Amino acid sequence: MSPSSRLARLTECLAQWQPLWRPLPFQHLHAPWLERFPGLAAALLRLSDADVDRLQAEPWYDSPLAFWLPVTELADLVALPRLESDAAPLPGTWSQHIEGRKWQQIEAFLAHARLSPAALAVEWCAGKGHLSRTLARQQQRAVTALEWEPALCRHGQALAARQQVTVDMRCQDVMAPEALTWLNARTHALALHACGDLHVRLLQAAIATGSAVTLSPCCYQRTASPSYSPLSQQAQRLCHLHGLALSRDDLALAVQETVTAPQGVRRRRERAGAWRLGFDLLQREVRGEHDYLPVPSLAYGKLPDTFDEFCRWAAACKQVVLPPRVDWQAFEAQGWQRQAQVSRFELVRHVFRRPLEVWLALDRLALLEEAGFAADIGIFCERDLTPRNLMLRAVKLN
Ligand SMILES: C[S@@+](CC[C@H](N)C(=O)[O-])C[C@H]1O[C@@H](n2cnc3c(N)ncnc32)[C@H](O)[C@@H]1O
């Protein structure tokens, strides 16, 4: 299936099913779609914990939701090609100073980035320049790395000097107008996991200058604008035709899938979720209101030890005055019950998570093609290395 047919059909599906994937189950005591799909809700509530875990990781395989939702068609629509590579593995010693998973991502990214020998390599939002150093070593070429944090630039420059590779770390805000001066028709810009506006800026810069680009997009929701304007004319037309308008919050769904966390971390997350939902029931009762009240997130390890301490903290954050006597046990138990329900209703959103991510990536591809680039898209690494495993490659046609 051509990318443009995929984009067209995905737009239709996302638009048609938005009443189901858009509402956040933890914000609602009753899913807004419950009355239209009572059978779906009942089937979800019957799922075992093991099935919930399985469907979170594999929404496409043997899904009981397929009776109500277009699971099979969506599975086909998101099945982008795996990019091929015959690159030899890089020496393991090169991974020094690079965290394990990041090193493997860099290795996979470079195995699929096709730079012409004459191209001048420029890394966009380079951090400490790990990708740039690896590329410089692998291909014996000079690399310019753009990063706006001076400390990261200094650190990256020191690492490059120690490894005697030609990497020029440049302190540059890529959103500033001067950022364009680093790109031209002879450059090849590379960006591994550049967030929202940062990678959109890269695409615009490549279009303005004719630079080749290899990009794995990330965090689509990190944007200054609260609503998403489709980048390509094709997506603009399709959104208009089918009535699809995406907010910044909607875009967060596209990156909701994360690498499975260790058991201990998952258990702590579940407890935090159950307590939040328990507090939500309590605050609704205390305030006599039926709205969800967002509570700030807590840094890792900062969750109080008990449910009542958590509620007192949350109440103080939101200026909710708690009554002197609260049946903490009852609210905590209801929080856990809601947690079980919410994780089941979330499975509906999981079905549309990858379709939305692929849709956003295809919008970027269409933008490049409309601007006269030869572009392709595919999967550059396994999902357990990073779920953000889509790569766009584009070269300006003469
Ligand atoms: C998600 S990290 C990716 C870093 C690296 N590519 C990697 O995969 O490890 C994003 C990097 O972009 C940098 N950054 C954020 N905003 C920037 C801007 N406006 N200009 C330049 N760099 C920026 C951050 O400091 C950070 O190092």
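Predicted, not measured: the structure shown is a model, and the values here were computed from it.

Student: Any chance you could break down the domain arrangement of the protein chain for me, citing the residues and the numbers?
Tutor: On domain assignment, one finds that the protein chain holds domain 1 (25–67 + 261–351) and domain 2 (92–243 + 353–396). The C-alpha centroid of domain 2 is placed 36 Å from the C-alpha centroid of domain 1. Tallying the contact residues gives 8 residues for domain 1 and 4 residues for domain 2. With both chains or domains summed, domain 1 and domain 2 bury close to 420 Å², and 34% of this area falls on carbon and sulfur atoms. When residues of domain 1 are sorted by the area they lose upon contact with domain 2, Ala 57, Trp 60 and His 350 head the list and together hold 59% of the total. Counting across the interface, domain 1 meets domain 2 through 4 residue pairs in polar contact (both at pLDDT 80 or more). Looking at the side of domain 1 that touches domain 2, the elements that each hand over two or more residues are helix H4 (49–57) and helix H14 (328–370). No other element matches H14, which puts 3 residues into the side of domain 1 that touches domain 2. Among the residues making up the side of domain 1 that touches domain 2, the classes are represented as 4 nonpolar, 2 polar and 2 charged.

Student: Outline the pattern of salt bridges, supporting the account with residue identities and numerical values.
Tutor: For side chains bearing opposite charge, pairing can occur when the charged atoms are close. This model, assessed by the stated rule, comprises 18 salt bridges. With a shortest N-O distance of 3.9 Å, Arg 287 and Glu 289 are connected by a salt bridge. Ionic contacts of the salt-bridge type, sharing partners, join the residues Arg 9, Glu 12 and Glu 73 into one network.

Student: Which residues make up unusual backbone geometry, and what are the values?
Tutor: One non-glycine residue, His 193, lies in positive phi territory at about 55 degrees. Counting through the fold element by element, His 193 comes out in strand S4 (residues 187–195). Judged by its relative accessible area of 16%, His 193 falls in the buried class. The phi torsion at Gln 319 lies on the positive side, around 50 degrees, for a residue other than glycine. By the element assignment, Gln 319 lies in the loop between helix H13 (307–317) and H14. Of the residues examined, Gln 319 reaches a relative accessible area of 68% and is grouped as exposed.

Student: Give a description of the side chain of Arg 6 that names residues and reports values.
Tutor: Considering the arrangement of structural elements, one finds Arg 6 in helix H1 (residues 3–16). Within polar-contact distance, the side chain of Arg 6 engages the backbone oxygen of Asp 76 at 3.0 Å. Beyond its immediate stretch of four places on either side in the chain, Arg 6 contacts Met 1, Asp 76, Leu 77, Val 78, Ala 79, Leu 80 and Leu 362.

Student: Outline the site of the ligand, listing residues and values.
Tutor: Residues in close proximity to the ligand total 15 residues, the closest being Lys 102, Glu 147, Asp 173, Val 174 and Leu 192. At a separation of 3.5 Å, a nitrogen atom of the ligand approaches a polar backbone atom of Gln 172. Relative to its unbound accessible area of 590 Å², the ligand is 78% covered by the protein chains. Per-class residue counts for the shell around the ligand are 7 nonpolar, 3 polar and 5 charged.

Student: Explain the packing of aromatic side chains residue by residue, including any values.
Tutor: Across all of its chains, the model carries 11 aromatic pairs by this definition. Here the aromatic rings of Phe 109 and Phe 380 are separated by 5.9 Å at their centres, their planes lie at 85 degrees, and the arrangement is edge-to-face. Here Phe 109 is found in helix H6 (residues 100–112), whereas its partner Phe 380 is found in the loop between strand S6 (373–379) and strand S7 (390–396), with 271 residues between them in sequence. Relative accessible area serves as the criterion here: at 0%, Phe 109 is assigned to the buried category. In textbook terms, an aromatic cluster arises when at least three aromatic residues are bridged by ring pairs, as seen for Trp 275, Phe 307, Phe 310, Trp 313 and Trp 328.

Student: Just give me the short version of the pairing of S4, but keep the residues and values in it.
Tutor: Counting buried residues along S4, 9 of its 9 residues qualify, which places the element largely inside the surrounding structure. As paired strands, strand S1 (residues 120–124) and S4 are joined by 4 bridges and run parallel to one another. By the bridge assignment, Ala 121 is partnered in S4 with His 188. A crossover links S4 with its parallel partner strand S5 (residues 212–218), the connecting element being helix H9 (residues 196–209), and its sense is right-handed.

Student: So what's going on with the packing of helix H10 (residues 233–242) against H14? Which residues, and what values?
Tutor: Where H10 contacts H14, the axes come no closer than 7 Å and their chain directions differ by 130 degrees. Our classification of the angle between H10 and H14 gives oblique. Across the interface between the two elements, Gln 233, Gln 234, Ala 235 and Cys 239 from H10 touch Trp 359, Asp 363, Ala 366 and Glu 370 from H14. Taken together, the residues of the contact of H10 with H14 sort by class into 4 nonpolar, 2 polar and 2 charged.

Student: Now, about the sheet that holds strand S2 (residues 143–147): what can you tell me, with residues and values included?
Tutor: On the basis of which strands lie adjacent, the open sheet formed by 7 strands has the order S3-S2-S1-S4-S5-S7-S6 and mixed pairing. Pairing within the sheet leaves two strands with one partner each, and these edge strands are strand S3 (167–171) and S6. The sheet shows a mean angle of 15 degrees between the axes of neighbouring strands, taken without regard to direction. Sheet strands in contact with helix H8 (residues 150–162) are S2 and S3, and its direction is about 170 degrees off that of S3. Contacts between H14 and the sheet are confined to S5, S6 and S7, with S6 contributing the most and set at about 160 degrees to the helix.

Student: Any details on H10? Residues and values, ideally.
Tutor: For an α-helix, the turn length of 3.6 residues means that residues three or four places apart are oriented alike. Of all the residues in H10, the buried ones are Gln 234, Ala 235, Leu 238 and Cys 239. Buried residues of H10, seen end-on, are gathered within an arc of 125 degrees and therefore sit on one face of the element. Turned more than 90 degrees away from the buried face of H10, the exposed residues are Gln 233, Arg 237, His 240 and Leu 241. Looking at the packing, one finds that the buried side of H10 touches H1 and H14. Just downstream of H10 lies Gly 243, where phi reads positive at about 75 degrees.

Rules of the game
Residue positions are given per chain, counted from 1 along the sequence in the order it is written. For a predicted model such as this one, the threshold for reporting local features is a pLDDT of at least 70, and the threshold for listing and counting side-chain atom pairs is 80 or more; totals across whole chains, interfaces and linings nevertheless cover every residue. Heavy atoms from the whole structure form the basis of all side-chain values; hydrogens and water molecules are not counted. For the purposes of this description, domain bounds are those given by an automatic or database domain assignment. We call two residues contacting when some pair of their heavy atoms lies within 4.5 Å. Computed with a 1.4 Å rolling probe, the buried area is the accessible surface lost when two parts are put together, summed over both parts. Polar contact is the term for a pair of N or O atoms within 3.5 Å; when the atoms are in protein, one must be able to donate a hydrogen and the other to accept it, and sequence-neighboring residues count only if both atoms are side-chain atoms. In this description a helix means any DSSP run of H or I spanning at least four residues, a strand means any run of E spanning at least two, and both kinds are numbered starting from the N terminus. The residue classification treats Ala, Val, Leu, Ile, Met, Phe, Trp, Tyr, Cys and Pro as nonpolar and Asp, Glu, Lys and Arg as charged. All others, Gly included, are polar. Whenever a carboxyl oxygen of Asp or Glu lies within 4 Å of a side-chain nitrogen of Lys or Arg, that contact is scored as a salt bridge. Partly exposed describes any residue whose relative accessible area lies between the buried limit of under 20% and the exposed limit of over 50%, with all areas from a 1.4 Å probe on protein chains only and scaled to the type maximum. Put simply, a residue is near a molecule or strand once any heavy atom of it comes within 4 Å of that molecule or strand. Only the protein chains shown count as covering a residue, and every accessible area follows the Shrake-Rupley method with a 1.4 Å probe. In this analysis, rings of Phe, Tyr and Trp, with Trp reduced to its six-membered ring, are considered paired at centre separations within 6.5 Å, and the interplanar angle assigns stacked below 30 degrees, edge-to-face beyond 60, and tilted for intermediate values. Any two strands are treated as partners once DSSP identifies two or more bridges connecting them. For the handedness criterion, the strands are oriented away from the viewer, and a crossover whose path from the first strand over the helix to the second runs clockwise is classed as right-handed. Whenever a helix is involved, its axis is fitted only over the stretch in contact; in every case the axis is a line through C-alpha atoms, and angles between N-to-C directions fall within 0 to 180 degrees. For classification purposes, angles smaller than 35 degrees are called roughly parallel, those larger than 145 roughly antiparallel, those between 65 and 115 roughly perpendicular, and all remaining angles oblique. Arc definition: it is the arc formed by the directions from the helix axis to the C-beta atoms.

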